[in-house]
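Close look at the chain arrangement
Residue strings, one per chain:
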Amino acid sequence: MVELSGVLGVAMIALGMVLTPGPNMIYLVSRSITQGRRAGVVSLGGVAVGFLVYLVATNLGLSVVFLAVPELYVAVKLAGAGYLAYLAWTALRTGGVSVFAPKEMPHDSARKLFTMGLMTNLLNPKIAIMYLSLIPQFISLEAGNVLLQGFVLGSVQIVVALTVNLGIVLAAGAIAVFLARRPSWLRAQRYLMGTALGVLAVSVATDTSAPAASG
């Protein structure tokens, strides 16, 4: 049986991660603004499948590879931190653009939108780190059935992430218009996003915890 503290812990981490602008949010917002809510929802479908891939892969033993080869885990973690640092720099540098700033993008088919949403999530270092390092820490050996706990806790993360992302998709257009009329707010949002990504990059890079076996 999954402990309540584990469910709440994963839910809080998932909420914090999804509210921190990253690849998924940038892609979903850009598609929702330029191609409409339907495109955003289709893209979110791809993101959802990406979550399921991580859920199944990690709970069937992918994290065991990182336990066996700690150097590989460190390399992946540092690569993810570097990518987050790059995203922070692009947001904070002179001429940086807010995630909600309108931009011209080609109108893609539903199939391409879904595929791009899937690939964006699969290549998202935030999600990789969450499933390989954070969620397994809330699994209790004393509670029994480690595999079931892993799937339940992963499902909690997916529900939180999809709920928040759906709200962002539906509200992206209105938020973009609101911020476009208030340039100072748009700049503040960009700086806030860049700072949050920078803090997350440092946190990931300096984290010394090891991955826990979840399968």
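Everything that follows concerns the structure shown earlier in this document.
These remarks concern the structure in this document. Everything numeric in this text was worked out from a predicted model, so none of it was measured.

1. Comments concerning the overall build of the chain
If you tally the helices and strands in the chain, you get 8 helices and 0 strands. Counting from the amino terminus, the chain carries its helices and strands in the arrangement α-α-α-α-α-α-α-α. Within the chain, contacts between residues at least 6 apart in sequence are counted, and of these 86% link residues at least 24 apart. As displayed, the chain offers around 10400 Å² of accessible surface, 72% of which is attributable to carbon and sulfur atoms.

2. Observations regarding empty space enclosed by the protein
Inspection of the entire model under this criterion finds 3 cavities of 30 Å³ or more. Approximately 120 Å³ is the volume attributed to the largest cavity. Contributions of two or more residues to the lining of the largest cavity are made by α1 (4-19), α2 (23-35), α6 (125-134) and α7 (146-180). For the lining of the largest cavity, the class distribution of residues is 8 nonpolar, 6 polar and 1 charged.

3. Structural notes on the packing of α2 against helix α5 (residues 110-122)
Their axes nearest at 9 Å, the elements α2 and α5 cross at an angle of 160°. Taken together, the axis directions place α2 and α5 in an arrangement best described as roughly antiparallel. Remark: the crossing between α2 and α5 carries right-handed chirality. Residue-level contacts link Pro 23, Asn 24, Tyr 27, Arg 31 and Gln 35 of α2 to Lys 112, Leu 113, Met 116, Gly 117, Thr 120 and Asn 121 of α5. Residues belonging to the contact of α2 with α5 are distributed by class as follows: 4 nonpolar, 5 polar and 2 charged.

4. Here we look at the side chain of Asn 124
In this fold, Asn 124 is placed in the loop between α5 and α6. On the accessibility criterion, Asn 124 (2% relative accessible area) is buried. Excluding its chain neighbours within four sequence positions, the residues that come into contact with Asn 124 are Pro 23, Asn 24 and Tyr 54.

5. Quick look at the packing of α1 against α6
Interhelical geometry of α1 versus α6 gives an angle of 165° and a closest axis separation of 11 Å. Our classification of the angle between α1 and α6 gives roughly antiparallel. Relative to α6, the crossing made by α1 is right-handed. Judged by residue contacts, Ile 13, Ala 14 and Met 17 of α1 engage Lys 126, Met 130 and Leu 134 from α6. Residues of the contact of α1 with α6, tallied by class, amount to 5 nonpolar, no polar and 1 charged.

6. Concerning the nonpolar core
Among the nonpolar cores identified, the biggest contains 31 residues, and Leu 28, Phe 51, Tyr 131, Ile 135 and Leu 153 are the most heavily contacted of them. Ranked by residues supplied to this core, first place goes to α7 with 8 residues. Leave out the neighbours within four places in its chain, and Leu 153 touches Val 2, Gly 6, Val 7, Val 10, Ile 135, Phe 138 and Ile 139.

7. Structural notes on α1
The terminal C-alpha atoms of α1, which comprises 16 residues, lie 23 Å apart, in line with the 22 Å expected from a rise of 1.5 Å per residue. Among the residues of α1, Gly 6, Gly 9, Val 10, Ala 14, Met 17 and Val 18 are the ones counted as buried. Along α1, the residues classed as buried sweep out an arc of 155° about the axis, all on the same side. Within α1, the exposed residues directed more than 90 degrees away from the buried face are Leu 4, Met 12 and Leu 19.

8. A word on a nonpolar patch on the surface
Taken together, the side chains of Val 41, Leu 166 and Leu 170 present a nonpolar region at the surface, about 220 Å² in accessible area. Summarising the element assignment, Leu 166 is placed in helix α7.

9. Some thoughts on the packing of aromatic side chains
Within this structure, the stated rule accounts for 1 aromatic pair. With 5.9 Å between their ring centres and 20° between their planes, Tyr 54 and Tyr 131 make a pair best called stacked. Pair noted here: Tyr 54 is in helix α3 (residues 37-68) and Tyr 131 is in helix α6, with a separation of 77 residues, a long-range link. Judged by its relative accessible area of 12%, Tyr 54 falls in the buried class. Note on Tyr 131: relative accessible area 3%, which makes it buried.

Rules used in this analysis
Residues numbered from 1 in each chain as written. Predicted model: local features only at pLDDT ≥ 70, side-chain atom pairs only at ≥ 80, totals over all residues. Heavy atoms only, no water. Helix = DSSP H or I, 4+ residues; strand = E, 2+ residues; numbered from the N terminus. Contact = heavy atoms within 4.5 Å. Areas by Shrake-Rupley, 256 points an atom, 1.4 Å probe, with all protein chains shown as cover. 1 Å grid on protein atoms, 1.4 Å probe; cavity = no way out; pocket = protein on both sides within 12 Å on 5 of 7 lines; lining within 4 Å. Points joined across faces, edges and corners; volume = space filled by probe spheres on them. Nonpolar A, V, L, I, M, F, W, Y, C, P; charged D, E, K, R; others polar. Axes fitted to C-alpha atoms, helices over the stretch in contact; angles between N-to-C directions. Parallel < 35°, antiparallel > 145°, perpendicular 65-115°, else oblique. Left-handed = near helix turned anticlockwise from the far one by under 90°. Buried < 20%, exposed > 50% of the residue type's maximum accessible area, 1.4 Å probe, protein only. Core = buried A, V, L, I, M, F, W, Y, C linked by side-chain atoms within 4.5 Å. Expected span 1.5 Å × (residues − 1). Arc of directions from axis to C-beta. Patch = residues over 30% accessible without salt bridge, like charges linked within 9 Å, V, L, I, M, F, W, Y side chains within 5 Å. Salt bridge = Lys/Arg side-chain N within 4 Å of Asp/Glu carboxyl O. Phe/Tyr/Trp six-rings, centres within 6.5 Å; stacked < 30°, edge-to-face > 60°.

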